[in-house]
Amino acid sequence: MKNSSLNNLSVVTGSMLCALFASCTGNEKVVQSERPNIIHIMTDDHAFQALSAYGGAISKIAPTPNIDRIAQKGMIFQRAYVENSISAPSRATLLTGLHSHKHGQEILTNGFKPDNTVFPELLQQAGYQTAIVGKWHLQVEPKGFDYYKILKNQGDYYNPEFATKETNGEYVREEGYATTLTTDYAINWLDKRDKKKPFCLLVHHKAPHRNFMPESKYYDLYEDAEFPYPDNFFDDYTSRGPAAKSQQMSIMHDMTMGYDLKVNELNDNLPPHLEWSKADWEKARARMTPKQLQAWDAAYGPRNKAMLEANLSAKELAKWKYQRYIKDYMRTIKSVDDQIGRLLDYLEENKLMDNTIIVYTSDQGFYMGEHGWFDKRFMYEESFRTPLLIMYPKMIKAGSVCNELVQNIDYAPTYLALAGVESPVKMDGRSLVPLFSGDKPQEWRENLYYHYYDYPAIHMVRRHDGVFDGRYKLIHFYGEGKGKDEGADIEYFELYDLLTDPHEMKNVYSDTAYKEHADRLRKELHGYQQDLDIVEGNLNLNEKI
Ligand code: SGN
Ligand code: CA
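Figured I'd write up the structure that's included with this text. (Residues numbered from 1 in each chain as written. Chains lettered and ligands numbered in written order. Predicted model: local features only at pLDDT ≥ 70, side-chain atom pairs only at ≥ 80, totals over all residues. Heavy atoms only, no water.)

Sheets are built from strands that pair by backbone hydrogen bonding, the pairs being arranged parallel or antiparallel. Taking strand neighbours across the sheet as the criterion, the ten strands line up as S9-S8-S7-S6-S10-S3-S11-S12-S4-S13 in an open arrangement whose pairing is mixed. On the outer flanks of this sheet lie strand S9 (171–173) and strand S13 (400–402), each paired with one strand and no other. Within the sheet, the average angular offset between the axes of one strand and its neighbour, ignoring direction, is 20 degrees. In the sheet, strand S6 (residues 129–134) pairs with strand S7 (residues 147–151) via four bridges, with the strands oriented parallel. (Pairing = 2+ DSSP bridges. Helix = DSSP H or I, 4+ residues; strand = E, 2+ residues; numbered from the N terminus. Axes fitted to C-alpha atoms, helices over the stretch in contact; angles between N-to-C directions.)

Structure follows, in structure tokens:
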């Protein structure tokens, strides 16, 4: 940490306040005189490939100029990852700074321990005002928030239901589009807050989550464009194990013609594993007002008709699905970008930019057709990695880049460190503050641990854990085969060299040229399993797999 960062500090004491800077000694606790406000903006399933700050091919056609403002005025993280690529576990990790098996929310549906310590409650106890608006997705009532206005379950795009303390947790339908409403609630709360206290606000958008329904003003956006196909769109999974082959997240085979792709005419006669989607698409349509529905059908009806009349071959249909998917997904992102611009403008107008740390991220990554997929869950790069942009002018120089390995276990420790608050429980993550100067700290982690548990479940991705050191990635798939696909019990490894194979097409685990890395990472993985008290998927290093 550079000395200049020690400007504007005052000395205080107290057990809840801890030293932010390494130069503190003894019981003297040093915190910034003006504690920073915190805004954590998190979308649901936003792929880094779909954000122009990261320069991907999709975002060249569909840029995100407002989200990019955070990168231009702050720091872009090139190696930000999650520890379990799925929503509820990721949200629980954000709140607790813990790996999934410790906070209990290993899978989508349940598990969050009510007695988990969450960072907002610690900030609240230290005098912060705290709020969350938008997606919550845990089966417990939000704790540690002065105010919440949260979406029901996954949330809906059109006329969604929100619950607040005032409604006693009851969900009440609001008319409007989720992304705009969520931003309205964020700004309303900021406007009405006690301006004498620092604040922490979590803005959690539903978009661009399935089923990718755009706002009416963007129905025509990108319609004439042809988005580029990833090179591995028609991946045949050669050299990969059974998990990559048996998943149910293929654009070609598992995307639904009604619910996902909005072709009303094809919402019947679905294959058994997609039958659920018939009713879900009818429900999504029924949520819309007659006027909204009329506008929707006026835009999508003629396009659907043209597609049906074109009598597409299987390959042409896969490409048509990809185009429809990417266009709708990027349209929902356009609204997110507008609304983040609106929030940033509000902060600028109210002179809140200088003393607020603004973080933009997603609850996990997403496949934009890579390997032929949508959805997430795998430790392969597109779902394991997330966008992460942080702006905080007091500590971060505009236009900085961070290449260190960071993970969503790090958010809670970062926010607590910035506020000068000590956690009574040990968190797995570590504060990102030492990275803000742009210099590589002497001691930073050299690899990351990942663990996905939610099988059998929708998309049928097998359980796996693994280690990534920034270049080599070892993935360990394991577990009993059960559920709809009647898959076999599995236990095997995959190894990738991201430098020579960035799209993870060539599993080199059995290649003797990589034996040294396979052995090294197997030991690292075993070490993580022991240190973190992992209870399932444990390796026996003496057994040759
Ligand atoms: C829902 C989606 C799935 C998605 C999970 C998890 N189906 O079940 O496609 O993988 O959520 O998403 S849907 O028909 O309900 O849209 S997550 O972002 O919450 O983890
Ligand atoms: Ca998600």
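Below, the discussion takes up the site of ligand 1. Residues in contact with ligand 1 amount to 19 residues; listed here are only the nearest, Ser-87, Arg-210, Asp-375, Arg-377 and His-459. Taking 450 Å² as the accessible area of ligand 1 by itself, protein coverage stands at 90%. Each residue belonging to the shell around ligand 1 can be placed in one class, and the counts come to five nonpolar, six polar and eight charged. (Near = heavy atom within 4 Å. Areas by Shrake-Rupley, 256 points an atom, 1.4 Å probe, with all protein chains shown as cover. Nonpolar A, V, L, I, M, F, W, Y, C, P; charged D, E, K, R; others polar.)

Among the five residues that make up strand S15 (residues 448–452), five are buried, leaving the element largely enclosed by the rest of the structure. Going residue by residue along S15, you find Leu-448, Tyr-450 and Tyr-452 tucked away on one face and Tyr-449 and His-451 tucked away on the opposite face as well. Two elements, S15 and strand S16 (residues 464–468), share five bridges in a ladder whose sense is antiparallel. Bridging from a neighbouring strand, Leu-448 pairs with Phe-468 of S16. (Buried < 20%, exposed > 50% of the residue type's maximum accessible area, 1.4 Å probe, protein only.)

So, on to the nonpolar core. Counting 74 residues, the largest nonpolar core has Phe-77, Phe-119 and Phe-436 as its most contacted members. Counting residues in hydrophobic clusters, the runner-up holds 47 residues, among them Tyr-54, Ala-71, Leu-344 and Leu-347. (Core = buried A, V, L, I, M, F, W, Y, C linked by side-chain atoms within 4.5 Å.)

Helix H13 (residues 411–419) packs onto helix H3 (residues 87–96) with a crossing angle of 25 degrees between their chain directions and a minimal axis gap of 6 Å. Here H13 runs roughly parallel to H3, going by the angle between their axes. Residues Leu-94, Leu-95 and Thr-96 of H3 lie in contact with H13, whose contacting residues are Tyr-411, Ala-412 and Tyr-415. By residue class, the composition of the contact of H3 with H13 is five nonpolar, one polar and no charged. (Parallel < 35°, antiparallel > 145°, perpendicular 65-115°, else oblique. Contact = heavy atoms within 4.5 Å.)

All right, on to the coordination of the calcium ion (ligand 2) then. Six octahedrally arranged donors around a metal ideally form angles of 90 or 180 degrees; four tetrahedrally arranged donors ideally form angles of 109.5 degrees. For the calcium ion (ligand 2), the full set of protein donor atoms is Asp-44 (OD), Asp-45 (OD), Asp-363 (OD), Asp-363 (OD) and Gln-364 (OE1), and the range of their distances to it is 2.1 to 2.7 Å. Coordination at the calcium ion (ligand 2) comes from six donor atoms whose angles at the metal span 52 to 174 degrees, giving a geometry best classed as irregular. Site description for the calcium ion (ligand 2): donor spacing in sequence, D-D-x317-D-Q. On the criterion of sequence distance, the pair formed by Asp-44 in the loop between strand S3 (37–43) and helix H1 (57–61) and Gln-364 in the loop between strand S11 (356–362) and helix H12 (381–384) is long-range, its members being 320 residues apart. Taking the relative accessible area as the measure of exposure, Gln-364 reaches 0% and is therefore buried. (Donors = N, O, S within 2.8 Å, 3.2 Å for Na, K, Ca; no water. Tetrahedral: all angles 85-135°; square planar, octahedral: opposite > 155°, others 65-115°.)

In this section: the sheet that holds S15. Overall, antiparallel pairing links the four strands, which are arranged S15-S16-S17-S18 in an open sheet. Two strands close off the open sheet at either side, each with one partner strand: S15 and strand S18 (490–497). With strand direction ignored, the average angle separating the axes of adjacent strands in the sheet is 15 degrees. Strand direction decides the pairing type here: S16 and strand S17 (residues 472–479), joined by five bridges, are antiparallel. What sits directly across from Phe-468, in S17, is Lys-473.

Each aromatic ring pair is characterised by the separation of its centres together with the angle its planes make. Counted by the stated rule, this structure contains 39 aromatic pairs. With a centroid separation of 6.0 Å and an interplanar angle of 70 degrees, the aromatic rings of Phe-384 and Phe-468 are classed as edge-to-face. Here the residue Phe-384 occupies a position in helix H12, and Phe-468 occupies one in strand S16, the gap between them amounting to 84 residues. Here Phe-384 falls in the buried class, since its relative accessible area comes to 0%. An aromatic cluster of three or more residues is present, and its members are Tyr-237, Tyr-367, Trp-373, Phe-378, Tyr-380, Phe-477, Tyr-492 and Tyr-496. (Phe/Tyr/Trp six-rings, centres within 6.5 Å; stacked < 30°, edge-to-face > 60°.)

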